[in-house]
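Observations on the model geometry
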Amino acid sequence: MRAVVGDRLLVHGRAAGTSDQTSEIIEVRGSDGAPPYLVRHPDGQEALVFPGSDALVEHPQGRKETSSTRLAH
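Residues numbered from 1 in each chain as written. Predicted model: local features only at pLDDT ≥ 70, side-chain atom pairs only at ≥ 80, totals over all residues. Heavy atoms only, no water.

Quick look at the confidence of the model for the chain
Chain-level statistics for the chain give a pLDDT mean of 85 and a share of 84% at 70 or above. Segment residues 66-73 is flagged for pLDDT under 50; beyond a separation of four residues in sequence, or across chains, it makes 12 contacts in the model. (pLDDT = per-residue confidence, 0-100. Contact = heavy atoms within 4.5 Å.)

Okay, structure coming up:
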């Protein structure tokens, strides 16, 4: 998983009936775009996140994916 500031982190709900959560990545603390990420949730709260397999990085429209930002699946 690789990200840059401005990307969005989508975490899928873990249990039936829970919704997905999308947050803005405001800081990348790992090397070469790797986690952990400091994110800002829609309610304004910030958190340090170590995303698991239930998460993916969404790139803003108009920004082309490069080898350094391509998702590792």
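Notes on the sheet that holds strand E2 (residues 21-28)
Sheet architecture is open: five strands sit in the order E4-E3-E2-E1-E5, paired in antiparallel fashion. The sheet is open, and its two edges are formed by strand E4 (46-49) and strand E5 (55-58), each paired on a single side. This sheet shows a mean twist of 35 degrees between the axes of neighbouring strands, independent of strand direction. For strand E3 (residues 37-40) and E4, the ladder comprises four bridges, and the chain directions are antiparallel. Counterpart to Leu38 in the pairing with E4 is Leu48. (Pairing = 2+ DSSP bridges. Helix = DSSP H or I, 4+ residues; strand = E, 2+ residues; numbered from the N terminus. Axes fitted to C-alpha atoms, helices over the stretch in contact; angles between N-to-C directions.)

Some words on the environment of Pro51
Position of Pro51 among the secondary structure elements: in the loop between E4 and E5. Taking relative accessible area as the criterion, Pro51 reaches 19% and is therefore assigned buried. Through-space distance from the C-alpha of Pro51 to that of Val11 is 7.8 Å; in sequence the pair is 40 residues apart. (Buried < 20%, exposed > 50% of the residue type's maximum accessible area, 1.4 Å probe, protein only.)

So, the pattern of salt bridges
Under the definition given, this model contains three salt bridges. Here Arg2 and Asp32 are joined by a salt bridge, their closest N and O atoms 3.8 Å apart. Placement of Arg2 in the segment before strand E1 (8-11) and of Asp32 in the loop between E2 and E3 is noted, with a sequence separation of 30 residues between them. Classification of Asp32 by relative accessible area gives exposed; the value is 54%. One salt bridge in this structure joins Glu27 and Arg29, with 3.0 Å as the shortest N-O distance. Look at Arg29 and you get partly exposed, because its relative accessible area is 45%. (Salt bridge = Lys/Arg side-chain N within 4 Å of Asp/Glu carboxyl O.)

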